[in-house]
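So you can see what is in the structure, the chains are spelled out below.
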Amino acid sequence: QVQLVESGGGLVQAGGSLRLSCLASGRSFSAYAMNWFRQAPGKEREFVAAIHWRGTTYYADSVKGRFTISRDNAKNTLYLQMNSLQREDTATYYCAADRILSVPIRSNDMDYWGKGTLVTVSS
């Protein structure tokens, strides 16, 4: 069993930045591929970014060049640095872990989920 807790969400103006964190516990954090998904009201949950245990990263086209995913295995923590935020980025952001990272990365492939943290971008 793996427990995931997100933090760092909040209200930010368009063009601003936020850094999300996901603290993992219960199992070997370094053995999992880690992911960020997001879901806006009335929308389907969508993939945002992922990082393999070896460090390889993947991004949705909508966030490439603006978001950066990273992990600190010593602290069992996953991060998502979000820059140049747009109103379209408004959503609840979820941290997720999976044992095998396959492409394309889909929500149904995840083994563990956090409860989410809300990001609201205003203009």
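For the structure, see preceding data.
The paragraphs below set out a description of the structure included in this document.

Rules used throughout
Residues numbered from 1 in each chain as written. Predicted model: local features only at pLDDT ≥ 70, side-chain atom pairs only at ≥ 80, totals over all residues. Heavy atoms only, no water. Core = buried A, V, L, I, M, F, W, Y, C linked by side-chain atoms within 4.5 Å. Buried < 20%, exposed > 50% of the residue type's maximum accessible area, 1.4 Å probe, protein only. Helix = DSSP H or I, 4+ residues; strand = E, 2+ residues; numbered from the N terminus. Contact = heavy atoms within 4.5 Å. Phe/Tyr/Trp six-rings, centres within 6.5 Å; stacked < 30°, edge-to-face > 60°. Pairing = 2+ DSSP bridges. Salt bridge = Lys/Arg side-chain N within 4 Å of Asp/Glu carboxyl O. Axes fitted to C-alpha atoms, helices over the stretch in contact; angles between N-to-C directions. Lys, Arg positive; Asp, Glu negative; His and termini not counted. Polar contact = N/O pair within 3.5 Å; in protein donor to acceptor, adjacent residues only side chain to side chain.

**Describing the nonpolar core**
Okay, so step 1: By size, the foremost hydrophobic cluster in this structure holds 37 residues, and its most contacted members are Leu4, Met34, Trp36, Leu78, Leu80, Met82 and Tyr93.
Okay, so step 2: For this core, the secondary-structure elements that each account for two or more residues are strand 3 (18-25), strand 4 (33-39), strand 5 (46-51), strand 7 (67-72), strand 8 (77-82), strand 9 (91-98) and strand 11 (117-122).
Okay, so step 3: Setting aside residues up to four positions removed in sequence, leucine 4 forms contacts with Cys22, Leu23, Ala24, Met34, Cys95, Ala96, Ala97, Tyr112, Trp113, Gly114 and Lys115.

**Some words on the packing of aromatic side chains**
Okay, so step 1: Per the stated rule, a full pass over the model turns up 4 aromatic pairs.
Okay, so step 2: Three or more aromatic residues joined by ring pairs make a cluster, and in this case those are Phe37, Phe47, Tyr94 and Trp113.

**Examining the pairing of strand 9**
Okay, so step 1: Extensive coverage of strand 9 is indicated by the burial of 7 of its 8 residues.
Okay, so step 2: By the bridge criterion, 7 bridges tie strand 4 to strand 9 in an arrangement that is antiparallel. Its bridge partner being in strand 9, glutamine 39 is matched across the sheet by threonine 92.
Okay, so step 3: As paired strands, strand 9 and strand 11 are joined by 3 bridges and run antiparallel to one another. Across the sheet, residue tyrosine 93 finds its bridge partner in strand 11, namely threonine 117.
Okay, so step 4: Summarising the sheet, strand 9 and strand 10 (residues 112-113) pair through 2 bridges and their orientation is antiparallel. Looking at strand 10, one finds that alanine 97 is bridged to tyrosine 112.

**Comments concerning the pattern of salt bridges**
Okay, so step 1: Evaluation of the coordinates by the stated rule reveals 6 salt bridges.
Okay, so step 2: For aspartate 89, the salt bridge identified is with arginine 38, shortest N-O distance 2.9 Å. Here aspartate 89, found in the loop between strand 8 and strand 9, pairs with arginine 38, found in strand 4; they are 51 residues apart in sequence, far enough to count as distant.
Okay, so step 3: Classification of aspartate 89 as buried rests on a relative accessible area of 1%.
Okay, so step 4: Note that arginine 106 and aspartate 109 form a salt bridge whose closest N and O atoms lie 3.4 Å from each other.

**As for the sheet that holds strand 8**
Okay, so step 1: Judged by pairing direction, the sheet is antiparallel, and its 4 strands sit side by side in the order 1-3-8-7 without closing on themselves. Looking along the sheet, the strands with just one partner apiece sit at the ends: strand 1 (3-7) and strand 7. For this sheet, the mean angle separating the axes of adjacent strands, direction not counted, is 15°.
Okay, so step 2: Two strands pair when backbone bridges link them, and strand 3 and strand 8 are joined in this way by 6 bridges, in the antiparallel orientation. Each residue of the ladder has a partner; that of serine 21, found in strand 8, is tyrosine 79.

**What about the environment of alanine 14?**
Okay, so step 1: Within the secondary structure, alanine 14 sits in the loop between strand 2 (10-13) and strand 3.
Okay, so step 2: C-alpha of alanine 14 to C-alpha of leucine 80: the two residues are 66 residues apart in sequence and 17 Å apart in space.

**A word on the side chain of arginine 71**
Okay, so step 1: When you line up the elements, arginine 71 lands in strand 7.
Okay, so step 2: We note that arginine 71 is buried and unpaired, the nearest opposite charge coming from aspartate 98 at a distance of 8.2 Å.
Okay, so step 3: At a separation of 2.8 Å, a polar atom in the side chain of arginine 71 contacts the main-chain carbonyl oxygen of tyrosine 32.
Okay, so step 4: One polar contact links the side chain of arginine 71 to the main-chain carbonyl oxygen of isoleucine 51, over a distance of 3.4 Å.
Okay, so step 5: In contact with arginine 71, not counting residues within four places along its chain, are Phe29, Ser30, Tyr32, Ala33, Met34, Ile51, His52, Trp53, Thr77 and Leu78.

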